[in-house]
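What follows is each chain in one-letter form.
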Amino acid sequence: MPPQEPEAPSGGVLESPSAPRSGPEPTIYPIDLEEQIDPDAVKVMRRLVKQGYEAYLVGGGVRDLLVGSTPKDFDVATNARPDDVRRLFRNSRIIGRRFRLVHVLFGGGKVIETATFRRAPQQDDSDSDDLLIRNDNVFGEAHQDAARRDFTINALFYDLEHHVVLDWVGGMPDIERRTVHTIGDPSVRFREDPVRILRAIKFSARLDFGISPEVYDAMVECRATLARAAKPRLFDELLKLLRCGAAHRAFWLLWEIGLLDVLLPELSTFLADQPDHEDTLWRLLDEIDRMTRERGAPLDEVVLVAVLLAEPLKEACQGARDRVEAAYRFLENIVDRLNMPRRIAEPVRRVIAILPRLEGGRAGRFQRTSLYPAALEIATLYARARGEELADIEPPLGEPAGAPSEGFAPAKRRRRRRKPRPEPA
Ligand code: ATP
Ligand code: MG
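Structure report, in brief. Throughout, a residue's number is its position along its own chain's written sequence, starting from 1. In the order they appear in the text, chains get letters beginning with A and ligands get numbers beginning with 1. For a predicted model such as this one, the threshold for reporting local features is a pLDDT of at least 70, and the threshold for listing and counting side-chain atom pairs is 80 or more; totals across whole chains, interfaces and linings nevertheless cover every residue. Side-chain calculation: all heavy atoms of the structure are included, whereas hydrogens and water are not.

Brief notes about the overall build of the protein chain
Okay, step 1: Within the protein chain, the regular secondary structure consists of 18 helices and 12 strands.
Okay, step 2: Per-residue burial for the protein chain yields a buried fraction of 52% across its 425 residues.
Okay, step 3: By element, 49% of the accessible surface of the protein chain is carried by carbon and sulfur atoms, the whole surface being about 20,200 Å². Only DSSP runs of H or I with at least four residues qualify as helices, and only runs of E with at least two residues qualify as strands; both kinds are numbered from the N terminus onward. Accessibility here uses a 1.4 Å probe with only protein chains present; expressed as a share of the type maximum, an area under 20% marks a residue as buried, one over 50% as exposed, and anything in between as partly exposed. In this description, accessible areas are obtained by the Shrake-Rupley approach with a 1.4 Å probe, and a residue is regarded as covered only by the protein chains that are shown.

Structural data, given as structure tokens:
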């Protein structure tokens, strides 16, 4: 068992917490975050430390507290092995086969994820072009666990006993500069795991942080590698971008960096062909963000995906001899490319098909289906994007069928011209 950590000196600024760590010394920033940390995460760390282990609050929880936002979750990293953690907490279970970590369970479904320090795997020099990480399941020390993380702002460790942030990677200066920066060479880190490119966008959009120019350039340079990433992770990250409360900024960055060309070329072609005054998609994304903020919770996934795709889909169907067939093909390509789960793809298909009828006041039997709330939510987003109230476009339900609707907006002739991309943010 590791030796006990000494008590922190009371009251003063800690020069150097004498934790029994080996390896490089971190930069230490005294700061008291204890009041803001979930009491159950505090309990987990306290018990581990009392038993002689190292235990820190890590990842998004530290980052969010430092920038003044509310963390989604509080994760703990420790030098205790999963079996040791499991033994210390009766209310816990080990999860994951490849990488085992412990979920310590508390009331109300709360989970404090407690992971053993890991280090980055050694790269095999024989194949230096292929940096893709396939196995990152090797235990390590605290400083190695910090270094294997993606961005400097995500690699800060909070030492609750001494009320200090430990920084091995320059995360604190990046928090102060409000900048997303990879740990180490960005093009290496993006080639190791291309999903990190989408994560950079998520953090930049959500926290309203800049992306350092070197990292931005590497994102452009490595964009094609995204096609090699596991499809479910890609779709998952795209959903997170829609849910993050800054979908407009996130999709703008995706487009600007050229990632939409890889992930959703249908959408990037559609945007490139839009006349300057036509900004329905961006306004819809604004409304998604506004509603997300108002509710303090993300919108339904079917609504989000349907709203993202409805406009380019409408365009794809214009002039098609068989509109249903055209819509089907349009969606099928996207479903295949991103491995969109059926539980989302199916309702998206159905809800998009019903939208014109809904707007034309011909909801009919559809009102009784489970998809009706999603359809109404989409109609609300459209109405708000046009500066109208939903009542303006939603005739009393069950009204006799009116004239067939054109859909959400009259068809416009598109000028085929590529919009200049703005300067990097
Ligand atoms: P969120 O608030 O969205 O949950 P987060 O920073 O907690 O943000 P998670 O996806 O929950 O992000 O991951 C937790 C931590 O694990 C991150 O803060 C980061 O340190 C590390 N991490 C996650 N994904 C990667 C990755 N692809 N490569 C390296 N480190 C990663
Ligand atoms: Mg998290």
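Quick notes on the site of ligand 1
Okay, step 1: Here, proximity means that at least one heavy atom of the residue falls within 4 Å of the molecule or strand. In the region of ligand 1, 15 residues are neighbours, and Arg 63, Asp 193, Arg 196, Arg 199 and Arg 206 sit closest.
Okay, step 2: Any pair of N or O atoms that falls within 3.5 Å is considered a polar contact. Within protein, one atom must be able to donate a hydrogen and the other to accept it, and sequence-neighbouring residues count only if both atoms are side-chain atoms. Measuring from an oxygen atom of ligand 1, one finds a backbone N or O atom of Gly 60 at 3.5 Å.
Okay, step 3: At 2.8 Å from a nitrogen atom of ligand 1 is found a side-chain nitrogen or oxygen belonging to Asp 193.
Okay, step 4: Elements that contribute at least two residues to the shell around ligand 1 include exactly helix H2 (60-67) and helix H7 (195-207).
Okay, step 5: Looking at the shell around ligand 1 element by element, the count peaks at five residues for H7.
Okay, step 6: Residue type decides the class: Asp, Glu, Lys and Arg count as charged, Ala, Val, Leu, Ile, Met, Phe, Trp, Tyr, Cys and Pro as nonpolar, and the leftover types, Gly among them, as polar. Among the residues making up the shell around ligand 1, the classes are represented as one nonpolar, three polar and 11 charged.

Focus on the packing of helix H9 (residues 231-243) against helix H14 (residues 301-317)
Okay, step 1: The convention used is that axes are lines fitted to C-alpha atoms, helices contributing only their stretch in contact, and that angles between N-to-C directions extend from 0 to 180 degrees. Where H9 contacts H14, the axes come no closer than 10 Å and their chain directions differ by 90°. For the element pair H9 / H14, the angle class is roughly perpendicular. For the pair formed by H9 and H14, the contact residues are Phe 235, Leu 239, Leu 242 and Arg 243 on the first element and Glu 301, Leu 304, Val 305 and Leu 308 on the second. Under this scheme an angle from 65 to 115 degrees is roughly perpendicular, one under 35 degrees roughly parallel, and one over 145 degrees roughly antiparallel; angles in between are oblique. We call two residues in contact when some of their heavy atoms are within 4.5 Å.

Considering the pattern of salt bridges
Okay, step 1: The rule for a salt bridge is simple: a side-chain nitrogen of Lys or Arg has to be within 4 Å of a carboxyl oxygen of Asp or Glu. Evaluation of the coordinates by the stated rule reveals 30 salt bridges.
Okay, step 2: Between Asp 145 and Arg 148 there is a salt bridge, with its nearest N and O atoms 3.0 Å apart. We note that Asp 145, like Arg 148, is buried.
Okay, step 3: Measuring nitrogen to oxygen at the nearest pair gives 2.9 Å for the salt bridge that ties Arg 189 to Glu 192. One end of the pair, Arg 189, and the other, Glu 192, are both in helix H6 (residues 186-192), three residues apart, so they sit about a helical turn from each other.
Okay, step 4: The class of Arg 189 is buried, set by a relative accessible area of 8%.
Okay, step 5: Through salt bridges with shared partners, one network takes in Asp 38, Asp 40, Lys 43 and Lys 110.

So, a negative patch on the surface
Okay, step 1: Each patch is built from residues lacking any salt bridge and having more than 30% relative accessible area; the joining distance is 9 Å for like charges and 5 Å for nonpolar side chains (Val, Leu, Ile, Met, Phe, Trp, Tyr). Only four residue types enter the charge count: Lys and Arg as positive, Asp and Glu as negative, with His and the chain ends excluded. A charge is said to be at NZ when it belongs to Lys, at CZ for Arg, at CG for Asp and at CD for Glu. On the surface, Asp 185, Glu 214, Asp 217 and Glu 221 cluster together into a patch of negative charge.
Okay, step 2: Relative to the helices and strands, Glu 221 is located in helix H8 (residues 213-221).

Points about helix H10 (residues 247-257)
Okay, step 1: Of all 11 residues in H10, eight are buried, a share of seventy percent or more.
Okay, step 2: By the burial criterion, the buried members of H10 are Ala 247, Ala 250, Phe 251, Leu 253, Leu 254, Trp 255, Glu 256 and Ile 257.
Okay, step 3: Positive backbone phi, approximately 90°, marks Gly 258, located one or two places after H10.

Overview of the packing of helix H12 (residues 265-272) against H14
Okay, step 1: With their axes 10 Å apart at the nearest point, H12 and H14 run at an angle of 70° to one another. One way to sum up the angle between H12 and H14 is to call them roughly perpendicular. Once H12 is placed against H14, the crossing between them reads as left-handed. Seen from H12, the contacting residues are Glu 266, Leu 267 and Phe 270; seen from H14, they are Leu 308, Glu 311, Pro 312 and Glu 315.
Okay, step 2: Within the contact of H12 with H14, the residues separate by chemical class into four nonpolar, no polar and three charged. Crossings are assigned a handedness: left-handed for a near helix turned anticlockwise from the far helix by less than a right angle, right-handed for a clockwise turn.

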